[in-house]
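What follows is each chain in one-letter form.
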Amino acid sequence: MDDETVASLARELDAAEASQTPVRQLSLRFPQMTIEDGYRIARTWVELKKAAGRRSIGRKIGLTSRAMQASAGITEPDYGTLLDDMAFEEGSEIPIDRFINPKVEVELAFILSRPLGGPDVTTRAVLAATEYVVPAVEIIDSRVQPIDAETGSARKIQDTIADNAANAGIVLGGRPIRPDAIDLRWAGAILSRNAVIEETGIAAGVLNHPARGVAWLANRLSQWGEELQAGEILLGGSFTRPVPVSRGDVISADYGRLGSIAMRFV
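Criteria and cut-off values
- Residues numbered from 1 in each chain as written.
- Predicted model: local features only at pLDDT ≥ 70, side-chain atom pairs only at ≥ 80, totals over all residues.
- Heavy atoms only, no water.
- Core = buried A, V, L, I, M, F, W, Y, C linked by side-chain atoms within 4.5 Å.
- Buried < 20%, exposed > 50% of the residue type's maximum accessible area, 1.4 Å probe, protein only.
- Helix = DSSP H or I, 4+ residues; strand = E, 2+ residues; numbered from the N terminus.
- Contact = heavy atoms within 4.5 Å.
- Pairing = 2+ DSSP bridges.
- Expected span 1.5 Å × (residues − 1).

> Which residues make up the nonpolar core, and what values go with them?
In this structure, Val 104, Leu 108, Leu 228, Tyr 255 and Phe 265 are the most contacted members of the largest nonpolar core, which totals 51 residues. Sort the elements by how many residues they give to this core and helix α7 (residues 210-221) lands first, with 7 residues. Leaving out residues up to four positions away in the same chain, Val 104 has contacts with Val 137, Glu 138, Ile 139, Leu 191, Arg 241, Pro 242, Val 243, Val 245, Ile 251 and Phe 265.

Have a look at this one:
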C-alpha cells in the first residue's frame, strides 16, 4: 500500500472518530491490504493526533486470548497507542457521545520503572522492569464498520489494527502492587453492568501470563526501532469478553484484593 493511500485512510479514520460515523471496511476496499499496512495506517493516524496536540501515554495489547486470535485468523496479539485524551478518572462520568459503539474490558496495566527494548525481551525481564501493576478497564470502540451492509463480510484483523487496535479509553484504579507481590496469573476480576455480573475471568487467560503480552510488544516494536519507556501505561490484554455499554450504565470491575474500578456512562 503506497504512502498516499496510507495517509488518506488515516485521515478517514480520524474523521470517522470525530463524526461518530464508522467507515466502510478498509480491507474490503483494498483486498491487498496487509497487517503491516494496518500498522502503518494506525501509526500515521497517531501522528495526526499528536500534530493536533495529543500526547502518547502508553500502549495497549489486544487479541491476547487463543479464542480471539483464532476468530481473527492470526497467531499473535495486536497493539495500539494510548493517548492522553483517552484517560478517564476512576469514579467519573464518561460522556458516551465520545464513542460510536463502546464496550469495556478488564485488564492489568504495567507501569515500567525503566525502558525495555527488544528483540529478546522475556516475561522475566518485563517483571524485573515493572515498577507496579494496577487494575484497568479499557474502553474499546470501532471506527470501521463491523459488518459490511452490501456484502455481509465481517471486519478483518487488518481493519482493527488500522483502527489503532480499537483504542478508545482507559480507566485506572484499585490498588497498585509490585509485580512479585502476588502470582499475577491468578489475579481475577468480576465485571458488572448496573449491578448485574456480566463477565468474570483471571489474568492467566492472557497468553498464560499477562506480562507475556508486554514482552511480545517490546519485541514487536523493535522492528520500528522503538522501545517501551519508563512511566508508560501498558495494557496487558483483556481476560474477559467485551461488554457493551449504553448511556446511563454503571460499570464496576471488582479485582478482589487489588480493589475495584467504577464509572458511569452519561
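> Explain the sheet that holds strand β12 (residues 250-254) to me, and be specific about the residues and the numbers.
Strands sit in the order β4-β13-β12-β8-β9 across an open sheet of 5 strands; the sheet is mixed. Sheet topology places β4 (93-94) and β9 (196-202) at the edges, where each strand pairs with a single neighbour. Bridge analysis of β12 against strand β13 (residues 260-265) gives 5 bridges, and the strand direction is antiparallel. The partner of Ser 252 across the bridge, within β13, is Ala 262.

> If you had to explain helix α3 (residues 35-51) to someone new, which residues and values would you point to?
For α3, with 17 residues, the first-to-last C-alpha span of 25 Å sits near the 24 Å given by 1.5 Å per residue. Three or more residues of α3 are buried, namely Asp 37, Gly 38, Tyr 39, Ile 41, Ala 42, Trp 45, Val 46 and Lys 49. On its buried face, α3 sits against α1 (3-19), α2 (26-29), β2 (78-83), α6 (157-162) and α7. Count one or two residues on from α3 and you reach Gly 53, which has phi positive near 115°.

> So what's going on with the side chain of Asn 167? Residues and values would help.
Within the secondary structure, Asn 167 sits in strand β7 (residues 167-172). Taking the relative accessible area as the measure of exposure, Asn 167 reaches 1% and is therefore buried. Residues contacting Asn 167, with those up to four places away along its chain left out, are Lys 60, Gly 80, Thr 81, Leu 82, Met 86, Glu 138, Ile 139 and Arg 143.

> Outline the environment of Ala 18, listing residues and values.
Assignment of secondary structure puts Ala 18 in helix α1. On the basis of relative accessibility, which here comes to 60%, the residue Ala 18 falls in the exposed class. Each C-alpha atom, one on Ala 18 and one on Arg 143, is 9.6 Å from the other, the two residues being 125 residues apart in sequence.

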